[in-house]
Amino acid sequence: MTAAVSQTQSLDSPADTAVVGGGIMGCVVAHRLARAGQRVVLVDRQGLCMAASGVNAGTLSVQIKREELIPYALRGLDLWRTAGDWLGDDLGFREVGGLALAFTDDEAETLTTRMTARADRGAPIEIVGPNRARELEPGLSAAPVLASFCPVDGYAGSYLLGRAMRRALAAAGVRVHEHCAVDRIVPGGSGTDIVTDRGTLRAARVAICGGAWTEALLSQAYGVDIPVTCRVNQVAVTERMPQTVRRVIGAATGLLTLKQAANGTVLIGGGWQGRGDPETGAHDILPENLVGNLRLAAHAVPALRGARVVRAWAGLEGSAPDGLPLAGPVPGRDDAYVLACVRGGFTIGPYIAQLLADRILGRAPEMPLFDPARLVAPDGA
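Note that the structure is predicted; figures quoted are calculated from it, not measured.

K.L.:
What is the right way to read the sheet that holds strand β8 (residues 154–155) from this model?
P.N.:
Strand pairs in the sheet, formed through backbone hydrogen bonds, run parallel or antiparallel to each other. Taken together, the 3 strands give an open sheet; going across it, the order is β3-β8-β4, and neighbouring strands pair in antiparallel fashion. Edge positions in the open sheet fall to β3 (59–60) and β4 (94–95), since each of these has one partner strand only. Where β4 and β8 come together, 2 bridges link them in antiparallel fashion. Pairing of R94 across the sheet is with Y155, part of β8.

See the structure below:
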């Protein structure tokens, strides 16, 4: 019912801030601004949280984040723990602990180096031997030679996110226009026009949270060229099984995440790439990469060898060249902001979104943002 109402609301009423992009980060920016008293409108070419935010595997992990992002991931987990309070829905949040596995000596060396650096930034990570790893996760095979364990890792239901955000935004008074594609953004002296396929809306400022479409939006509207790589991540889910996996399991290579939901299904991902086109939004799985992902999962947990996969899907995700977020003012503008390319955005995204909202509100963010200007080449370069 809420979705139908939001789609028929008029675009004519001016807004203090227009948020372009209805993923988890755009929704949290809009939610925080509205609760601070701003008039906020949000537009998205699809439904809320239907791209990367809603099709990821739902992993909430600290230990698989880059060391620069560890403090942000820890704050993000705090928000997930309290999601029932600020969002009105905990989305099935579970804090079950996580293991990252190394299967070779080279992987063990990489694991030790990376996890030590992340522990130095505050992540509660310990390196454990294979016997201890199997005590923590009895279903593991004999293949891992080393592992790391993080007790605060967990998961939530990403597929529940859109519905929860829709309710929270409506309660906060955000005008939401789903299935409303932005044709162009036209900055002006007294505000910005966002021209969509359903009409034009006007706002004093704009927050671009467009995921894989961020590069095109910044270039069209502001002539700012920041390269964004489009990743097409794949996820598979099995039939319901007896309890097989108790923890969140990953790999030192970054090519595996798996966990078992309360209903018995096992979600398997890990960044294996599908095929897709950010211009059209089309995406599909690559069967050979799906098979590779499933084989790695069964290599870690042998009980999965007999499981049937009932569904697999892919989703588009934007990534900046240096692997760090774009979060801050659009270079050269004081009326436009960008938030995108947050790898591990399901864990970190809500917290960085709150930081950006505070910046828009004129408050000092609790932690530094990630200035997009760092990726703009100097004149003549």
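K.L.:
Hey, could you run me through the pairing of strand β16 (residues 266–269) in this one?
P.N.:
In summary, the side chains of a regular strand alternate between the two faces of the sheet. Here β16 shows two buried faces, one formed by V266 and I268 and the other by L267 and G269. As defined by bridge partners, strand β13 (residues 229–238) adjoins β16 across 2 bridges and the pair is classed as antiparallel. The residue bridging A236 from the neighbouring strand is I268, located in β16. Summarising the sheet, strand β15 (residues 257–260) and β16 pair through 4 bridges and their orientation is antiparallel. Residue pairing for β16: L258 is matched across the bridge by I268. Taking the residues between adjacent antiparallel strands as the criterion, β15 and β16 are bridged by 5 residues, where G264 takes a positive phi near 100 degrees.

K.L.:
Explain the packing of aromatic side chains here, please?
P.N.:
By the definition in use, this model includes 3 aromatic pairs. Ring pairing ties together the aromatic residues Y72, Y351 and F370, which thus form one cluster. Taking the ring centre of W313 as reference, the NZ or CZ of R311 above it sits at 4.4 Å.

K.L.:
Hey, could you run me through the nonpolar core in this one?
P.N.:
Soluble, globular proteins show a tendency: their nonpolar side chains are buried together. In terms of nonpolar packing, the biggest core is built from 65 residues, with V29, L42, Y72, M165 and L339 touching the most fellow members. Looking at this core element by element, the count peaks at 9 residues for helix α11 (residues 345–360). Beyond its immediate chain neighbours, meaning those up to four positions away, Y72 contacts I348, Y351, I352, L355, M367, P368 and F370. Counting 28 residues, the second largest nonpolar core, distinct from the first, contains Y222, V224, I226 and V228.

K.L.:
Is there a simple way to think about the environment of H31 in this case?
P.N.:
With respect to the helices and strands, the residue H31 is situated in helix α2 (residues 24–35). When its relative accessible area of 7% is taken as the criterion, H31 is described as buried. As for H31 and A171, which are separated by 140 residues in sequence, their C-alpha atoms are 9.2 Å apart. Once you skip the residues sitting within four places of it in the chain, H31 turns out to touch W86, A168, L169 and A172.

Cut-offs applied
- Residues numbered from 1 in each chain as written.
- Predicted model: local features only at pLDDT ≥ 70, side-chain atom pairs only at ≥ 80, totals over all residues.
- Heavy atoms only, no water.
- Pairing = 2+ DSSP bridges.
- Helix = DSSP H or I, 4+ residues; strand = E, 2+ residues; numbered from the N terminus.
- Buried < 20%, exposed > 50% of the residue type's maximum accessible area, 1.4 Å probe, protein only.
- Phe/Tyr/Trp six-rings, centres within 6.5 Å; stacked < 30°, edge-to-face > 60°.
- Lys NZ or Arg CZ within 6 Å of the ring centre and 35° of its normal.
- Core = buried A, V, L, I, M, F, W, Y, C linked by side-chain atoms within 4.5 Å.
- Contact = heavy atoms within 4.5 Å.

On their own, these measurements won't tell you what the molecule is for.
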